[in-house]
Amino acid sequence: MPLLEINNLNTRFQTRDGEVSAVNDISFSMEKGETLGIVGESGSGKTQLVLSIMGLLASNGRAEGSARFKDQELIGLPINEINKIRGNHMAMIFQDPMTCLNGYLTIARQMTEVLILHKGMSMADARKRSIEMLDAVHIPAAKTRIDRYPHEFSGGMRQRVMIAMSLLCEPDLLIADEPSTALDVTVQAQIIDVMNELKSDMGMSIILITHDLGVIAGIADNVLVMYAGRICEYAPVNDIYKDPQHPYTRGLLQSVPRLDSDNSSVLHAIPGNPPNMQHLPAGCAYQDRCEFKREICLTERPALRRISDLRQKACHLEAL
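Source: prediction; values computed, not measured.

Colleague: Describe the domain arrangement of the protein chain, listing the residues and the values that go with them.
Modeller: According to the domain assignment, the protein chain contains domain 1 (4–89 + 172–268) and domain 2 (101–170). Measuring from the centre of the C-alpha atoms in domain 1 to the corresponding centre in domain 2 gives 25 Å. Contact with domain 2 buries area across many residues of domain 1, yet N88, V194 and M202 alone supply 34% of it, more than any other trio. On inspection of domain 1 and its partner domain 2, the count reaches zero salt bridges.

Colleague: Tell me about the nonpolar core, residues and numbers included.
Modeller: In this structure, M195 and L208 are the most contacted members of the largest nonpolar core, which totals 61 residues. Shared between two domains, this core holds at least three residues of each, these being domain 1 (4–89 + 172–268) and domain 2 (101–170). Look past the residues within four positions of M195 in its chain and what remains in contact with it is I163, L174, A176, P179, I206, L208 and I219. Judged by nonpolar contacts, the second largest core, of 32 residues, contains F13, A22, V50 and M90.

Colleague: Just give me the short version of the pairing of strand β8 (residues 205–210), but keep the residues and values in it.
Modeller: Across the six residues of β8, six count as buried, placing the element largely inside the fold. The side-chain alternation of β8 yields two buried faces, one formed by S205, I207 and I209 and the other by I206, L208 and T210. Relative to β8, strand β3 (residues 35–39) runs parallel, the two being bridged by five bridges. Following the sheet pairing, L36 is matched in β8 by I207. Taken together, the five bridges between strand β7 (residues 173–177) and β8 define a ladder with parallel strand orientation. Following the sheet pairing, A176 is matched in β8 by L208.

Colleague: Quick one: what's the story with the state of the cysteines, residue by residue and with numbers?
Modeller: Overall, the coordinates contain zero disulfides when judged by the stated rule. The closest cysteine sulfur to the non-disulfide-bonded C232 is located on C284, 8.4 Å from its own sulfur. With relative accessibility at 5%, the residue C232 sits in the buried group. Free cysteine C290: the closest other cysteine sulfur is in C315, separated by 6.3 Å.

Colleague: Outline the sheet that holds strand β5 (residues 72–73), listing residues and values.
Modeller: Adjacent strands of a sheet form backbone hydrogen bonds with each other and so pair up, either parallel or antiparallel. Read across the open sheet, the four strands follow the order β2-β1-β4-β5; overall the sheet is antiparallel. Edge positions in the sheet fall to β2 (18–30) and β5, since each has one partner strand and no second. Pairing of strand β1 (residues 4–15) with β2, which is carried by nine bridges, proceeds in the antiparallel orientation. Looking across to β2, one finds that T11 is bridged to V23. Against the sheet, helix α1 (residues 46–54) makes contact with β1, β2 and β4 (61–69), and its axis sits at roughly 105° relative to β1, the strand it touches most.

Colleague: Explain the pattern of salt bridges to me, and be specific about the residues and the numbers.
Modeller: Scanning all chains against the criterion turns up 15 salt bridges. The shortest N-O distance in the salt bridge between R68 and E73 comes to 3.7 Å. The exposure class of R68 is partly exposed, given its relative accessible area of 28%. A relative accessible area of 22% means that E73 is categorised as partly exposed. For E81, the salt bridge goes to K84, with nearest N and O atoms at 3.4 Å. Here K84 and E81 lie together in helix α2 (residues 79–85), a separation of three residues that amounts to about one turn. Bridged by salt links that share partners, the residues R12, E19, R62 and E64 form one connected network.

Colleague: Tell me about the side chain of T106, and name the residues and values.
Modeller: Following the sequence through the fold, T106 ends up in the loop between α3 (97–100) and α4 (107–119). A polar atom in the side chain of T106 sits 3.1 Å from the backbone nitrogen of R109. With residues near it in sequence (within four places) discarded, T106 still touches I146, D147, R148 and Y149.

Colleague: Any chance you could break down the packing of aromatic side chains for me, citing the residues and the numbers?
Modeller: Counting across every chain of the model gives three aromatic pairs. Judged by centre distance (5.1 Å) and plane angle (85°), the ring pair of Y227 and Y286 falls under edge-to-face. Within this pair, whereas Y227 is found in strand β9 (residues 222–227), its partner Y286 is found in the loop between α11 (247–254) and α12 (295–299), the two being separated by 59 residues in sequence. One exposure class covers both Y227 and Y286, and it is buried.

What counts as what
- Residues numbered from 1 in each chain as written.
- Predicted model: local features only at pLDDT ≥ 70, side-chain atom pairs only at ≥ 80, totals over all residues.
- Heavy atoms only, no water.
- Domains from an automatic or database assignment.
- Buried area = accessible area lost by both parts, 1.4 Å probe.
- Salt bridge = Lys/Arg side-chain N within 4 Å of Asp/Glu carboxyl O.
- Core = buried A, V, L, I, M, F, W, Y, C linked by side-chain atoms within 4.5 Å.
- Buried < 20%, exposed > 50% of the residue type's maximum accessible area, 1.4 Å probe, protein only.
- Contact = heavy atoms within 4.5 Å.
- Helix = DSSP H or I, 4+ residues; strand = E, 2+ residues; numbered from the N terminus.
- Pairing = 2+ DSSP bridges.
- Disulfide = S-S within 2.5 Å.
- Axes fitted to C-alpha atoms, helices over the stretch in contact; angles between N-to-C directions.
- Polar contact = N/O pair within 3.5 Å; in protein donor to acceptor, adjacent residues only side chain to side chain.
- Phe/Tyr/Trp six-rings, centres within 6.5 Å; stacked < 30°, edge-to-face > 60°.

As structure tokens, this is what we get:
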């Protein structure tokens, strides 16, 4: 039985200008202990996909379809029931740790509250556990720094605090939404190393959301590439890098600077802009930016189809 199984998930937002189709007919599954990378440009639906699963959509949003976690349906689950799952069994690291941490409360107050609420621990036990978790994510002098406020930590250290908080209850699934955004490359590597280490120690599964294909190279088992709210390619991470099968995936890879290239000073960019999510084209959503566009791409939306035992893509081309 998969840890997480998504079937025909759709997410819509009602706005003054009309309905926005943020997530469109998404289906995938992941196993216990797996790390799944979800990649795509800003606005491709990555974050709204996981917010739909977590039951954290904005008030004008609605999710339809199925999202089963440990064989329990999450879509439509009452708030008191999903609150029992969030934190205890599923946890999320949000993009900006400074806005997610309360600047008026100490780190100790924010961490112990999680354990007191979800685990019923005493303050003393919750504090001890919180310090242990700060040690686990390599916060120096955790015993004293736990009583500091978020602004007294660097960006990288605040991100480590967020990771520690999300893992206090030892969840089965950790969702990390751009956990290394706005951090320099050295700190990015440290954050990924910490997540890999904790995954190994705790045996949890991870969904890592990013727009940077370079970030997932050292942590993901499988990669799901999203464009315009849909899956355009799904494959094991090594296959994605060695042999991308969707023009969009290839474009993303070409956009990553390479030191081993003769043209390292030339940065490739995918031409054009993503489509309007209120008025998606009739055919392939990538048609206006694709160098391989054909007549069928203008009128017929490509279905996500299996091209090998472990790979899927949504493209009319048989092969690149």
